[in-house]
Structures are given as structure tokens and as C-alpha cells.
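Architecture and fold: a report
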Amino acid sequence: TRGLAESSVILSVAKNESGADRTGYAYIFNDYEPTARVKITIDQKFDAKLTVDPMTLTIDELGGIVKVTVKANIDYDVYSQVDWVSKSSTKELSDSTTTESFRVEEFTDRKKSRTGYIIIENAAYDDLQQKIKVTQTRALYIEDADNISVDMGKTVKFTLTNTTGDDNVTWTSSNKNI
């Protein structure tokens, strides 16, 4: 419009899913005066995402495989902070979703539970680190020893810890005479 001295301009920028920060330019110019133009620089950060589910895992003393679903639009590293949990496999479900599987070793220590952490992260995005708590529990265990020997005619006292919530504990023997 002739004589226009001031105007408002609205720029819409698409979501950045490129995997990196990016820069672009927009130019506003006058059709009648090509040298009269304004260059607008648009800097757009990449919106990195990294989420996991679940954030807490509980497994019994026998150990086994546990799984975590990871949703991410960035590459990531996976490691365990304890030696009794190790990465087993990765299964890609879609472009941004994977299932990470972990092997938890058998728990034979004479204590109620142990806790460790699995870390999923990309070092370039410190604020996206995910820390998954893994707790392994024992149901029944003898606090005093792994094996108990009882000589004929003697009595041995030991402490049996029962974390099952069921007070009804029974026993069997591999020898009919015991």
C-alpha cells in the first residue's frame, strides 16, 4: 500500500524435528524497490526428548529379565551402575520408541534387598538423563549362614527372615529320616 509507514508481520515456524539446532532466514522486501529489504534470522533449538517407563523396577531374588520402554528423538547410551544388572537387548518398536531389556542376576546375599540404577542418557543433554531404580528383594533367607549343619542330637538356633507377608512357613527335607 502506498504510503504505508508501519506494519505488523507474523512468522510461523514449523517444529524442529531435524535432530539438531538450525538457522533459517526470512526476507521482507518491496516489490517496487528490490534493494529495500529486511533480513530476519531465525535460530531454532532442537527440542530433544528422552523418557522412560517405568522409572522403578522390582524383581525377586531369582532375577531374570526386566524391560523398559524408551521414547527418544536423540541417540542415547545405556549402562548399569551395578554389576548385577546388565543390558540384555534392544528392540526397536518405531522410529522413536524402543524396548531395552536388562538381565538381573540371582540375589544370594543374606539381606532383605539391594538397589541399583540403570542410566539412560545422551551426554549432550544433561537435563534429559533418566535414572531407573532397580530393587531386588529376597523372600526367605537365613541371616546367619548359607548352609546350616546340625550334628545328631544337637539343636541349632538360626534366624529366618520372611519378607513374603505370609507368616505360614513350612519346610521339607530331602532325607525322610530328618
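We now turn to the structure provided with this report.

This paragraph deals with the overall build of the chain. The helix and strand inventory of the chain stands at zero helices and 12 strands. Starting at the N terminus and ending at the C terminus, the chain contains elements arranged as β-β-β-β-β-β-β-β-β-β-β-β. Each principal axis of the C-alpha atoms in the chain carries an extent, and together these give about 115 × 25 × 25 Å. For the chain, the residues scored as buried account for 25% of the 178 residues in total. Pairs at least 24 residues apart make up 54% of the contacts formed inside the chain by residues separated by at least 6 positions. Of the roughly 13500 Å² that the chain leaves accessible, carbon and sulfur atoms contribute 45%. Charged side chains of the chain number 22 positive and 28 negative; the gap between the two group centres comes to 2 Å.

Scanning all chains against the criterion turns up four salt bridges. Note that K49 is salt-bridged to D47, the shortest N-O span being 2.9 Å. Residue class for K49 comes out partly exposed when judged on its relative accessible area of 42%. Using a relative accessible area of 36% as the deciding quantity, one classes D47 as partly exposed. The partner of R138 in a salt bridge is E61, with the nearest N and O atoms 3.3 Å apart. In this pair, R138 sits in the loop between β10 (130-137) and β11 (140-142) while E61 sits in the loop between β4 (56-60) and β5 (64-72), placing the two residues 77 residues apart along the sequence. An identical accessibility class is assigned to R138 and E61; each is buried.

Examined bridge by bridge, strand β1 (residues 22-30) and strand β2 (residues 33-44) share nine bridges and lie antiparallel to one another. For G24, the partnering residue across the bridge sits in β2 and is I42. In sequence, β1 turns back onto β2 through a hairpin of two residues.

It is worth spelling out the sheet that holds strand β3 (residues 50-53) at this point. Taken in spatial order, the four strands make up an open sheet running β3-β5-β8-β7, and their pairing is antiparallel. Whereas interior strands pair on both sides, the edge strands pair on one side only; in this sheet they are β3 and β7 (85-92). The sheet shows a mean angle of 30° between the axes of neighbouring strands, direction not considered. Bridge analysis of β7 against strand β8 (residues 97-104) gives seven bridges, and the strand direction is antiparallel. Its bridge partner lying in β8, K87 is registered against F102.

Among the nonpolar cores identified, the biggest contains 22 residues, and V85, I118 and I120 are the most heavily contacted of them. Within the residue set of this core, elements represented by two or more residues are β3, β4, β5, β8, β9 (113-121) and β10. Broken down by element, the residue count for this core peaks at four residues, all from β5. Not counting chain neighbours up to four residues away, the residues in contact with I118 comprise L57, V78, Y79, S80, V85, F102, Q130, K131, I132 and V134.

Further remarks concern unusual backbone geometry. In this structure, the amide linkage connecting D53 to the following residue, P54, adopts the cis form with an omega of 0°. Looking at the element boundaries, P54 is found in the loop between β3 and β4.

So, on to the pairing of β10. Relative to β10, β4 runs parallel, the two being bridged by five bridges. Bridge assignment links I59 to a residue of β10, and that residue is Q136. By the bridge criterion, eight bridges tie β9 to β10 in an arrangement that is antiparallel. Counterpart to S113 in the pairing with β10 is T137.

Definitions and cut-offs
Residues numbered from 1 in each chain as written. Predicted model: local features only at pLDDT ≥ 70, side-chain atom pairs only at ≥ 80, totals over all residues. Heavy atoms only, no water. Helix = DSSP H or I, 4+ residues; strand = E, 2+ residues; numbered from the N terminus. Buried < 20%, exposed > 50% of the residue type's maximum accessible area, 1.4 Å probe, protein only. Contact = heavy atoms within 4.5 Å. Areas by Shrake-Rupley, 256 points an atom, 1.4 Å probe, with all protein chains shown as cover. Lys, Arg positive; Asp, Glu negative; His and termini not counted. Charge placed at Lys NZ, Arg CZ, Asp CG, Glu CD. Salt bridge = Lys/Arg side-chain N within 4 Å of Asp/Glu carboxyl O. Pairing = 2+ DSSP bridges. Axes fitted to C-alpha atoms, helices over the stretch in contact; angles between N-to-C directions. Core = buried A, V, L, I, M, F, W, Y, C linked by side-chain atoms within 4.5 Å.

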